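Structure assessment
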Amino acid sequence: MKNFKINPIFENYTSLIIKDISRFNMSGTLFGDGKRNIIKLFELDEKTVNIKSFKIPNLINKVAYKYFRKSKARRSFEYATFLLEKGIGTPEPIAYLENYNWIGLKDSYYASEHLQCDLTYRELVQIPDYPDHENILRQFTRFSYDLHQKGIEFIDHSSGNTLIKKRSDGNYDFFLVDLNRMKFHQSMSFEMRMFNLRRLTPKPEMIAIMSNEYAKFIEESESLIYEKMLHYTKEFQIGIVKKQHLKKTLKFWKKY
């Protein structure tokens, strides 16, 4: 059994999109390392289509995604549609497809327009002297503030999930990707906002700039914003170290 939905804008390409998904394993150009989810690029007239094949779920999630929860592919499609309605940048959603058997969800795919970007937030972290570094960081902070004002909690708000394109006027546009984990609120508290920024950078100097910029828009002091953002960032970094240590320990004991 299949469940397929396409963006009305691309309705004339329905058969081609389904064809690309059906031959996903045999064709297309691999994009990224494919360690978890596999992304491939396909040509559609003058556009490039980005199709993500989500990791096959375990038995519990197979059942959950059929009866209790929306699949990652469906969430990605619906969240992208919602973001665009709210004026938030993200690649144009094209379609999603879910394959089911008697147990539950077998596999799922999300197709969107492939966006050529100039950089991601990750470059700002890794390359301190990246051209126009501080200006981009400040504009990104305003973009994040806009997300929060609109009640959008992008759970995977991390360094690789915002694509950045430079405009002809020297300003920048920001596009969210990897959308399947989001929450939507009537409003977001100060603590929720600061917690949401914890995964972006471990660098205090970048947090200082972001705190300075964010303070221009809310009734909290720059020092408090910096303190909270740094606190949640450190908590997150400690969590990463603990997870890595646990993985190494488990890997060691598996040998014996």
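Scroll up to find the structure.
Scope of this entry: the structure provided in the associated data block. The numbers attached to residues start from 1 for each chain and follow its sequence in the written order. Since the coordinates come from a predicted model, pLDDT governs what is reported: local features require at least 70, and pairs of side-chain atoms require 80 or more to be given and counted, while whole-chain, interface and lining totals use all residues. For the side-chain quantities, the full set of heavy atoms in the structure was used; hydrogens and water were omitted.

The helix and strand labels rest on DSSP assignments: H or I over at least four residues marks a helix, E over at least two residues marks a strand, and numbering proceeds from the N terminus. Helix and strand counts for the protein chain come out as eight helices and 11 strands. For the radius of gyration, the atoms used are the C-alpha atoms, and the globule rule reads 2.2 Å times the number of residues raised to 0.38. Relative to its length of 256 residues, the protein chain is compact, with a C-alpha radius of gyration of 20 Å against a globular reference of 18 Å. With respect to the three principal axes, the spread of C-alpha positions in the protein chain is 60 × 55 × 35 Å. By definition, residues are in contact when any of their heavy atoms lie within 4.5 Å. Considering only contacts within the protein chain whose residues lie at least 6 apart along the sequence, 62% involve residues at least 24 apart. The Shrake-Rupley method, run with a 1.4 Å probe sphere, supplies the accessible areas, and residue values consider only the shown protein chains as cover. Taken as a whole, the protein chain presents about 14,600 Å² of accessible surface, with 53% of it coming from carbon and sulfur.

Every α-helical turn comprises 3.6 residues, leaving residues that sit three or four positions apart pointing alike. Classification of residues uses two cut-offs on accessible area relative to the type maximum, computed with a 1.4 Å probe and protein chains only: under 20% is buried, over 50% is exposed, and between them is partly exposed. Of the positions making up helix 2 (residues 59–67), those classed as buried are Lys-62, Ala-64 and Tyr-65. The inward-facing, buried residues of helix 2 abut helix 3 (72–85), strand 5 (93–100) and strand 6 (105–113). Between a side-chain oxygen at the N-terminus of helix 2 and the backbone nitrogen of Ile-60 the separation is 3.2 Å; the capping residue is Asn-58. Residues adjacent in sequence count toward polar contacts only when both atoms are side-chain atoms; beyond that, a polar contact is any pair of N or O atoms within 3.5 Å, and within protein one must be able to donate a hydrogen and the other to accept it.

It is worth spelling out the environment of Glu-153 at this point. Within the secondary structure layout, Glu-153 lies in strand 8 (residues 152–154). The residues contacting Glu-153, other than those within four sequence positions of it, are Arg-181, Met-182, Lys-183, His-185, Met-188, Met-192 and Asn-196.

Before going further, it helps to examine the nonpolar core. Here, nonpolar core refers to any group of buried Ala, Val, Leu, Ile, Met, Phe, Trp, Tyr and Cys residues whose side-chain atoms link them within 4.5 Å. With 42 residues, the main nonpolar core has Tyr-121, Leu-176, Leu-179, Met-182, Met-194 and Ile-225 as its most contacted residues. When contributions to this core are tallied by element, the ones reaching two or more residues are helix 3, helix 4 (121–126), helix 5 (133–149), strand 8, strand 10 (172–176), helix 6 (190–196), helix 7 (204–214) and helix 8 (222–254). The element contributing the most residues to this core is helix 5, with six residues. If near-sequence neighbours (up to four positions away) are discounted, Tyr-121 is found in contact with Leu-137, Phe-140, Ser-159, Thr-162, Ile-164, Leu-200, Thr-201, Met-206 and Met-210. Core analysis: the next-biggest nonpolar cluster, separate from the first, contains 14 residues, Phe-42, Leu-44, Val-49 and Ile-51 among them.

Attention now moves to the pairing of strand 10. With four of five residues buried, strand 10 lies mostly within the body of the structure. Whether two strands pair depends on DSSP finding at least two bridges between them. The pairing of strand 9 (residues 162–166) with strand 10 spans five bridges and is antiparallel. Within strand 10, the residue paired with Lys-166 across the bridge is Tyr-172. Connecting strand 9 to the antiparallel partner strand 10 that follows it, the hairpin turn spans five residues, and Gly-170 within it adopts a positive phi of roughly 90 degrees.

This part is about the sheet that holds strand 7 (residues 119–120). The three strands lie next to each other as 7-9-10, forming an open sheet whose pairing is antiparallel. The two strands at the open ends of the sheet, each matched to only one other strand, are strand 7 and strand 10. Whenever a helix is involved, its axis is fitted only over the stretch in contact; in every case the axis is a line through C-alpha atoms, and angles between N-to-C directions fall within 0 to 180 degrees. With respect to the sheet, helix 5 is in contact with strand 7, strand 9 and strand 10, its orientation differing from that of strand 10 by roughly 50 degrees.

On to helix 3. Helix length check: helix 3, at 14 residues, gives a terminal C-alpha distance of 20 Å against a target of 20 Å (1.5 Å per residue), a fit within 8%. Of the residues trailing helix 3, Gly-87 is marked for its positive phi of about 80 degrees. Helix span is expected to be 1.5 Å times the residue number reduced by one.

Its place among the elements puts Asn-161 in the loop between strand 8 and strand 9. A distance of 2.9 Å separates a polar atom in the side chain of Asn-161 from the backbone oxygen of Asp-156.

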